[in-house]
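Residue-level listing of the chains:
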Amino acid sequence: MNGSDGLGDSEDRRVIDLSLDGAGGEPRPEGPSGEENLIDWPVRVGDPPRRAEAFQERPGPQAVIDEALSRGVVAVVATSSSAPGGTQLALGSFETACRSGTDLTLWVPAGSRESVLSTYALARTATTPGATAAPGRTVERARAFLAWLTSTDRTWLVVLDGVVEPDHLRNLWPSGPHGKVIVTTRRPEVAARGQDHVIVRTGPFEPAESLSYLSTRLGTVGGLPVGVLDGACELAEDLGRLPSALAQAATVVARGRTTCSGYRQLLAQRARSHDTWMPGADVRAVPGGPGAGLSGGRPRSEPDVDRRLLAASCLLAMERATEQDPAGPLPRLLRLIAVLDPAGIPENLLTCVPIRVGLLPGPGPRAGRWSTLKHQLRTAARIGAHEVSPAAVRQALWQLHRFHLVDHDPDVGVVRCGALTRQVVLGLLETPERAVLVRLAADALDTTWPDNETDPVLGRMLRSNASTLISADPQTLWLPRPHPVLALLGRSLAEVGLAGEAADHLRRLAEVAAELMGPDHPDVVRIRQEIGEGSAPGAGRS
């Protein structure tokens, strides 16, 4: 993969080689199991996001979740792109379980089947004395963990956060007499047929909750006008009482030393002057979507919302965040974050050399030019600059976090991007710029990916980000020549023992390559050969 000099051999790695060597074979012994009392209980696995600033308790839906867990049924928290919040609800139950001494609390980023398997494998190592963390046995360790859940007398809670497809949990549902399960998803049908579950639908704040939130956020800021809350109720209705939009609005109000009424005027002007709204949706839509609310119908208090106003709130936050240094790295950094995995980006990926060079002031490179790290360094040398400093990147992340455009958790080194911000930013990207950002992000992954994956959490996040790039814009990573990250993802999946996922990756690459370059292109033929070699025993679906 990458050489010890930090530059690697990116320019020379133009041949796609995604063999599944090492993916199959008979399972090796796990090692002595020992006694569970050798573990320092309670155990917490996973890094959930932090509590939202000025977090508002949601007694209604939280009570439904708690009641379902008390009966031992699965709580499926159904969200939508317009009415998120399921993660924060699940976080409340997760924190309660941690405080109450639940033996195992496990937070699973469940955006892909690979991520679920990898996190289960990590939990196996954390809960079983003698269990090895050696790569190449992810599926075996995940299955062993699920078997442990069914038989242990330890109490446990598993949160499967952000499930995208029902198939991602096929044969991976946690169960056991002493356990509880919460799922957050936009697809409430993920619950297995016949499985005892309760669907909890999220919605926006209630009117009183919205006013309480704005009062809490703005009431402690000094120097604001006496009537800062004038128009607060109307502003909340304008923004559909959505927590993320209200958070952005409150920050802009506080920074601008204005009032909620003044902000409403800015919001309306911004929406009129910019023909933009949340992509892929009607201009006017119900935040909770069809069937929002706990009762299965739309709550009477839920407002219609003009999505152009939601987009405008995000745009105003972006403008205020960048006004002190409009030529700085923040705008391009936010656009780069939007093309990566919203569930979690390693901070060290955003501070690596390709990103720091790519954030230099100026118009930026043309699509397809910055395909290797060495080329970027030569380009930087020619223009008399080297790179944006890591400290400057972290400062930009702090500023984005401050305006609720991203969630930056420096304690665990993870950056997340909310659905509202991501949709607006992606909607503003022109195709050439998007291609540049995808290629730059792929270069960063190529540089950051370690030769030996000793950190399973980092490995999972790198694979998730690579999958996001490849799924969202596969053509950019194939032309003018295949990007090394295509091979890196396949190798990583195979090396950690996810043979089925590696084979699926190969098949998808073969389909895209055949479409772009023709069925007889050498890369297409090579991938098909590797698919055939990988179809031996052990290379099936995980």
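Let us look at the structure shown here. Since the structure is predicted, the reported quantities are computational estimates derived from the model, not experimental observations. (Residues numbered from 1 in each chain as written. Predicted model: local features only at pLDDT ≥ 70, side-chain atom pairs only at ≥ 80, totals over all residues. Heavy atoms only, no water.)

**Things to note about the overall build of the protein chain**
When helices and strands are counted, the protein chain shows 21 helices and eleven strands. Expressed as a percentage of the 542 residues in the protein chain, the buried residues total 54%. Sequence-distant contacts, at least 24 apart, represent 76% of the contacts inside the protein chain between residues at least 6 apart. Surface summary for the protein chain: the accessible area is close to 22,700 Å², and the carbon and sulfur share equals 52%. (Helix = DSSP H or I, 4+ residues; strand = E, 2+ residues; numbered from the N terminus. Buried < 20%, exposed > 50% of the residue type's maximum accessible area, 1.4 Å probe, protein only. Contact = heavy atoms within 4.5 Å. Areas by Shrake-Rupley, 256 points an atom, 1.4 Å probe, with all protein chains shown as cover.)

**What about helix α17 (residues 456-472)?**
Relative to the 24 Å expected for 17 residues at 1.5 Å per residue, α17 spans 24 Å between its end C-alpha atoms, a close match to the ideal helical length. Burial analysis of α17 places twelve of its 17 residues in the buried class, which makes it a mostly covered element. N-cap assignment for α17: the residue whose side-chain oxygen lies 3.1 Å from the backbone N of valine 457 is aspartate 455. (Expected span 1.5 Å × (residues − 1). Polar contact = N/O pair within 3.5 Å; in protein donor to acceptor, adjacent residues only side chain to side chain.)

**Things to note about the packing of helix α3 (residues 113-127) against α17**
At a minimum axis separation of 10 Å, α3 and α17 run at an interaxial angle of 180°. One element, α3, and the other, α17, form an angle in the roughly antiparallel class. Contacts between α3 and α17 involve Glu114, Ser115, Ser118, Thr119 and Leu122 from the former and Pro456, Val457, Arg460, Arg463 and Ser464 from the latter. (Axes fitted to C-alpha atoms, helices over the stretch in contact; angles between N-to-C directions. Parallel < 35°, antiparallel > 145°, perpendicular 65-115°, else oblique.)

**Brief notes about the pairing of strand β3 (residues 104-109)**
Within β3, six of the six residues are buried, leaving the element largely enclosed by the surrounding structure. The alternating pattern of β3 places Leu104, Leu106 and Val108 and Thr105, Trp107 and Pro109 on opposite faces, both of which are buried. Alignment of strand β1 (residues 43-45) against β3, held across three bridges, turns out to be parallel. Bridge pairing in β3 links valine 45 to leucine 106. Note: β3 against strand β4 (residues 156-163), six bridges, orientation parallel. If you follow threonine 105 over to β4, its bridge partner there is leucine 157. (Pairing = 2+ DSSP bridges.)

**Observations concerning the sheet that holds strand β11 (residues 414-416)**
An order of β9-β11-β10 is seen for the three strands of this open sheet, with the pairing classed as antiparallel. Whereas interior strands pair on both sides, the edge strands pair on one side only; in this sheet they are β9 (345-346) and β10 (407-409). Looking at chain direction, β9 and β11 are connected through two bridges and run antiparallel. Bridge pairing in β11 places isoleucine 345 opposite valine 415.

**Side note on the packing of aromatic side chains**
Under the criterion given, the structure shown has five aromatic pairs. Arranged with centres 5.3 Å apart and planes meeting at 85°, the rings of phenylalanine 94 and tryptophan 107 form a pair that is edge-to-face. Placement of the pair is phenylalanine 94 in helix α2 (residues 86-99) and tryptophan 107 in strand β3, with a sequence separation of 13 residues. Take phenylalanine 94 and tryptophan 107: they sit in the same class, and that class is buried. (Phe/Tyr/Trp six-rings, centres within 6.5 Å; stacked < 30°, edge-to-face > 60°.)

**Regarding the sheet that holds β3**
One open sheet holds the six strands; their spatial order is β1-β3-β4-β5-β2-β6, and the pairing between them is parallel. Each edge of the sheet is formed by a strand with only one pairing partner; in this case those strands are β1 and β6 (197-201). Across the sheet, the axes of successive neighbouring strands diverge by a mean angle of 15°, strand direction being ignored. In the packing of α3 onto the sheet, the strands contacted are β1, β3 and β4, and the crossing angle to β3 comes to about 155°.

**Comments concerning the side chain of serine 93**
Inspection of the secondary structure puts serine 93 in helix α2. A residue is classified by how much of its surface remains accessible, and serine 93, at 6% relative accessible area, is buried. What serine 93 contacts, discounting residues up to four positions off in sequence, is Gln62, Ile65, Asp66, Leu69, Leu157 and Ile182.

**Brief notes about the pattern of salt bridges**
A full pass over the atoms with the stated rule returns 21 salt bridges. Two residues, aspartate 238 and arginine 264, come together in a salt bridge whose shortest N-O distance is 2.6 Å. Of this pair, aspartate 238 sits in helix α6 (residues 232-238) while arginine 264 is found in helix α8 (residues 260-273), placing the two residues 26 residues apart along the sequence. Looking at aspartate 238, the relative accessible area reads 18%, which means it is buried. Of the charged contacts in the structure, one is a salt bridge between arginine 463 and glutamate 453, with a shortest N-O distance of 3.0 Å. Pair noted here: arginine 463 is in helix α17 and glutamate 453 is in the loop between α16 (431-448) and α17, with a separation of ten residues, a long-range link. No difference in accessibility class separates arginine 463 from glutamate 453, as the two residues are buried. (Salt bridge = Lys/Arg side-chain N within 4 Å of Asp/Glu carboxyl O.)

**Regarding helix α4 (residues 138-151)**
Given a rise of 1.5 Å per residue, 14 residues ought to cover 20 Å, and the 20 Å separating the end C-alpha atoms of α4 matches this to within 8%. Every buried residue belonging to α4 is among Thr138, Val139, Arg141, Ala142, Ala144, Phe145, Leu146, Trp148 and Leu149, and all of these are buried. The secondary structure elements touched by the buried residues of α4 are β3, α3 and β4.

**Things to note about the nonpolar core**
Counting residues in hydrophobic clusters, the biggest one holds 127 residues, and the most contacted among them are Tyr120, Leu160, Ile337 and Val339. With ten residues, helix α9 (residues 307-322) is the largest single contributor of residues to this core. Formed by 17 residues, the second largest nonpolar core is a distinct cluster that contains Ala68, Leu69, Trp107 and Val198. (Core = buried A, V, L, I, M, F, W, Y, C linked by side-chain atoms within 4.5 Å.)

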